[in-house]
Amino acid sequence: GMISCDWEDERNWISARTQIEYFFDKHLNIQPNIIRIAEYEFKGNRALKGQITFNNSCLQSIGEEAFWGCKGLCGTLHLPESLETMGGAAFLGCENLDGKLVLPDHLKVIEAYSFYETGFSGVLKLPSQLKVIGWAAFKNCSNFKGELYIPSHTIKIGMESFAGCRGLEGTLIIPESVEVIEANAFRDCRFTKIVFMNKDTKILRPIIGSGFGSDTIIVGKKNSTAYVYAQQFNCPFEPYDRKYDFK
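Let us look at the structure shown here. (Residues numbered from 1 in each chain as written. Predicted model: local features only at pLDDT ≥ 70, side-chain atom pairs only at ≥ 80, totals over all residues. Heavy atoms only, no water.)

With respect to the pattern of salt bridges
At step 1: In the structure shown here, the tally under the stated rule is 12 salt bridges.
At step 2: Glu 95 is the partner of Lys 71 in a salt bridge, and the nearest nitrogen-oxygen pair spans 3.5 Å. Here Glu 95 lies in the loop between strand E4 (85-86) and strand E5 (101-102) and Lys 71 lies in the loop between strand E2 (61-62) and strand E3 (77-78), a separation of 24 residues in the sequence.
At step 3: With relative accessibility at 43%, the residue Lys 71 sits in the partly exposed group.
At step 4: Salt bridges linked by common partners bring Lys 139, Glu 160, Arg 166, Arg 187 and Asp 188 together as one network. (Salt bridge = Lys/Arg side-chain N within 4 Å of Asp/Glu carboxyl O. Helix = DSSP H or I, 4+ residues; strand = E, 2+ residues; numbered from the N terminus. Buried < 20%, exposed > 50% of the residue type's maximum accessible area, 1.4 Å probe, protein only.)

Printed below as a string of structure tokens:
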């Protein structure tokens with residue numbers, strides 16, 4: 001009979017399905033032999049629909065833009081403890097991933113745009129070994145809720161990394177380890193206080209941005225960059241108190 005769909009489309013669909021079957025079983029759990037998912041592997045793959053899981057996985061790396069724009073992905077994303085590296089924009093624009101995001105503890109870098117404009121909800125728990133949060137890594141993830149804890153190994157918080165995360169609130173503690181926070185890192189977040197543990201953390205331009213900026217209380221030590229920042233951007237300032245050491 002007549003083939004109702006365009007042959008080119010059908011061929012693309014079959015190749016998309018074959019690719020999914022190579023990496024995942026019929027329940028969308030990763031195949032046990034997969035160690036890496038290459039860059040661009042599933043970019044824009046419209047056949048990939050549902051919740052992917054990584055049970056009993058030995059996956060070590062996910063390449064950049066690997067799942068870019070996979071709008072069929074939904075639910076929770078629980079990345080495996082075996083994962084060591086993940087490229088930039090890996091899940092960018094997966095807006096229907098709307099459950100929890102679970103990140104492995106020894107992931108050291110979250111690259112630029114990794115989870116930009118995803119729909120994750122609940123509390124965002126960052127990996128305990130995390131060193132670098134890339135540009136716009138969680139930008140416009142507006143469904144995350146509650147407090148955010150920056151791990152004690154983190155050195156750099158990139159530009160716009162949490163911009164537009166309007167559900168983040170409460171007290172944000174910037175640990176001793178943080179050397180630099182880039183511009184607009186927390187723009188439009190709703191933190192009531194930002195506590196700087198290190199008096200020398202480099203703060204680039206407004207980190208809170210307009211909107212909630214001037215209401216956020218900056219807590220810092222004497223002669224600190226936090227104090228200078230509060231003066232410069234007309235934010236209320238509170239001197240640092242030992243009670244924040246144990247939060």
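More follows now that the structure is in view.
Focus: helix H2 (residues 225-232)
Within an α-helix, residues lying three or four positions from one another point in the same direction, as the helix has 3.6 residues per turn.
At step 1: For H2, the set of buried residues is Ala 226, Tyr 229 and Ala 230. Take H2 and look down its axis: the buried residues cluster within an arc of 100°, on one side only. Turned more than 90 degrees away from the buried face of H2, the exposed residues are Gln 231 and Gln 232.
At step 2: Where H2 is buried, its residues touch strand E11 (190-196), strand E12 (202-203), strand E13 (217-220) and strand E14 (237-239).
At step 3: Downstream of H2 by one or two residues, Asn 234 has phi in the positive range, about 55°. (Arc of directions from axis to C-beta. Contact = heavy atoms within 4.5 Å.)

Quick word on the packing of aromatic side chains
At step 1: Summed over all chains, the structure comprises 17 aromatic pairs.
At step 2: Centre to centre, the rings of Tyr 22 and Phe 23 are 5.0 Å apart; their planes meet at 85°, and the pair counts as edge-to-face.
At step 3: For Tyr 22, a relative accessible area of 53% gives the class exposed.
At step 4: Lying across the ring of Trp 68, Lys 43 places its NZ or CZ 4.2 Å from the centre.
At step 5: One cation-aromatic arrangement involves Lys 221 over Tyr 240; the distance from NZ or CZ to the ring centre is 4.8 Å. (Phe/Tyr/Trp six-rings, centres within 6.5 Å; stacked < 30°, edge-to-face > 60°. Lys NZ or Arg CZ within 6 Å of the ring centre and 35° of its normal.)

Topic: unusual backbone geometry
At step 1: Its identity is not glycine, yet Tyr 40 carries a phi of approximately 65°, on the positive side.
At step 2: Here Tyr 40 shows up in the loop between strand E1 (36-37) and E2.
At step 3: Tyr 40 sits in the partly exposed class, given a relative accessible area of 44%.
At step 4: We note that Asp 188 has phi near 70°; this positive angle belongs to a residue other than glycine.
At step 5: By the element assignment, Asp 188 lies in the loop between strand E10 (180-181) and E11.

In short, shape yes, function no, at least from these values alone.
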